[in-house]
Amino acid sequence: MGLEMIQPGALSTIQDLGREGYQSQGFQKSGACDKYSMKLSNLLAGNLDENCKEAVVEFTLRGGEIRFTSPEVFSLTGADMRPLLNGKPIPMYAPVYAQEGDVLTLSLAPSGLRTYLAVYGGISVPPVMGSRSTNLKCRLGGFKGRALKQGDCLHTGKTSEQVRAFMEMVKGREDRLALGEDKSFLRRPSTPSRYYGTHGYVLLRAVEGPQAEAFTEEGLKTFLRNPYQLTTGCDRMACKLGGPVIGLKESADIISDGIVEGSIQISASGLPMVMMADHQATGGYAKIGTVISTDIPSLAQLRPGEWVTFQFITPKEAVGIYRKEDKKLKDFRKRLMEEMDKGSSIE
């Protein structure tokens, strides 16, 4: 069977890496907001596919309660929602074993915003246009195209026999399959900070956008030199920011063109909004830049009231940063595979 939602939490959806190739038809990509944590959770749960693409449950702010209806190996990454299994604390960033009837409780996260639950074999829901991700706007994918509700039952991708065999294979090596202090850097991408006085803010690196020339020189300096605060208008579609107004030469309006995750639109108010996983297919506001993919996970873990700053980098620098971060996950995957090879192989 898999999982039963006793209490679904604030917003819980099934996500994977997203729906590729359909934006020209008006369908958002969707997928996990913090894809770094999603991939890491998959690896820790034993899903060693090269792209770490198995579907997971994304919890926002508070996770609720989940009953396991079959034996499962699972892991939790992202925001620490103080997980309990049958009332006892369990670690984040480690494989955990659950038996049939066990109850996982996820509380309000004291910091961070999104937690990812991966199970061995992935969450098994029918793929729609090549993805199991939930598109809330179009009501497709995931579990019936919606957020999870009380009583929903989810299937997982492995039989109970396969899960038990996997448990036996890794038993006694959990410490090597978990993240110790020497691997603590994997808990979050290496997004840098910028300091104003003694206070540090998350620094989002971006390449210049296709309409950067629409902004005045002073407007560009304003954007790059000042912190911006996440507003209550943030969701899976976009993070709307408050702060100093960014000057334009004329209007913020443009002929609508394509939008990608990380696009920084400047609205008619002169304030930035960063597109997230459920961003629209096209947009009619000038784009001053694009946040690089490696920094979006850090933004996805921030709450309204927290602050960010921006820095322009070159496309070549962006590629170099991506390769460095990607190597961390690939090296960790290699380490896990080596540990798995010491036991019996599981098909």
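Just so we're clear, the structure is a prediction, and the values are computed from it rather than from any experiment.

Asks: Residue-level account of the sheet that holds strand β5 (residues 72-78), with values.
Replies: With antiparallel pairing, 5 strands are arranged side by side in an open sheet as β2-β3-β10-β5-β8. Looking at the sheet topology across the chains shown, the edges are occupied by β2 (11-15) and β8 (96-98). With strand direction ignored, the average angle separating the axes of adjacent strands in the sheet is 30 degrees. In this sheet, β8 lies alongside β5 in antiparallel orientation, the contact comprising 3 bridges. Within β8, the position partnered with F74 by the bridge is V96.

Asks: Can you break down the nonpolar core residue by residue, with the values?
Replies: In terms of nonpolar packing, the biggest core is built from 46 residues, with F74, L104 and I123 touching the most fellow members. If you tally residues by element for this core, the top one is helix α2 (residues 160-170), at 5 residues. Counting residues in each nonpolar core, the second largest holds 34 residues, with I246, I264, V274 and I296 among its members.

Asks: How would you explain helix α6 (residues 315-341) if you had to name every residue and give the values?
Replies: With 27 residues, α6 extends 38 Å between its outermost C-alpha atoms, agreeing within 8% with the 39 Å of an ideal straight helix rising 1.5 Å per residue. Here α6 has its buried residues at A318, I321, E325, D326, K328, L329, F332, L336, E339 and M340.

Asks: Can you break down the side chain of S75 residue by residue, with the values?
Replies: With respect to the helices and strands, the residue S75 is situated in strand β5. A relative accessible area of 0% places S75 in the buried class. Apart from the residues lying within four places of it in its own chain, the contact partners of S75 are S41, L44, A45, A94, Y116, L117 and A118.

Asks: Please set out the environment of F27 residue by residue, giving values where relevant.
Replies: With respect to the helices and strands, F27 occurs in the loop between β2 and α1 (35-44). Of the residues examined, F27 reaches a relative accessible area of 22% and is grouped as partly exposed. In this structure, the C-alpha to C-alpha distance between F27 and S256, residues 229 residues apart in sequence, is 16 Å. Setting aside chain neighbours within four positions, we find F27 in contact with Y22, M129, C138 and L140.

Asks: Talk me through the packing of α1 against α6; I want residue IDs and the actual numbers.
Replies: Contact pair α1 / α6: the axes reach a minimum separation of 10 Å and the direction vectors enclose 10 degrees. Classed by the angle they form, the pair α1 and α6 counts as roughly parallel. Residue-level contacts link Y36, K39, L40, L43 and L44 of α1 to E325, K328, L329, F332, R333 and L336 of α6. Considered class by class, the residues forming the contact of α1 with α6 number 7 nonpolar, no polar and 4 charged.

Parameters and conventions
Residues numbered from 1 in each chain as written. Predicted model: local features only at pLDDT ≥ 70, side-chain atom pairs only at ≥ 80, totals over all residues. Heavy atoms only, no water. Pairing = 2+ DSSP bridges. Helix = DSSP H or I, 4+ residues; strand = E, 2+ residues; numbered from the N terminus. Axes fitted to C-alpha atoms, helices over the stretch in contact; angles between N-to-C directions. Core = buried A, V, L, I, M, F, W, Y, C linked by side-chain atoms within 4.5 Å. Buried < 20%, exposed > 50% of the residue type's maximum accessible area, 1.4 Å probe, protein only. Expected span 1.5 Å × (residues − 1). Contact = heavy atoms within 4.5 Å. Parallel < 35°, antiparallel > 145°, perpendicular 65-115°, else oblique. Nonpolar A, V, L, I, M, F, W, Y, C, P; charged D, E, K, R; others polar.

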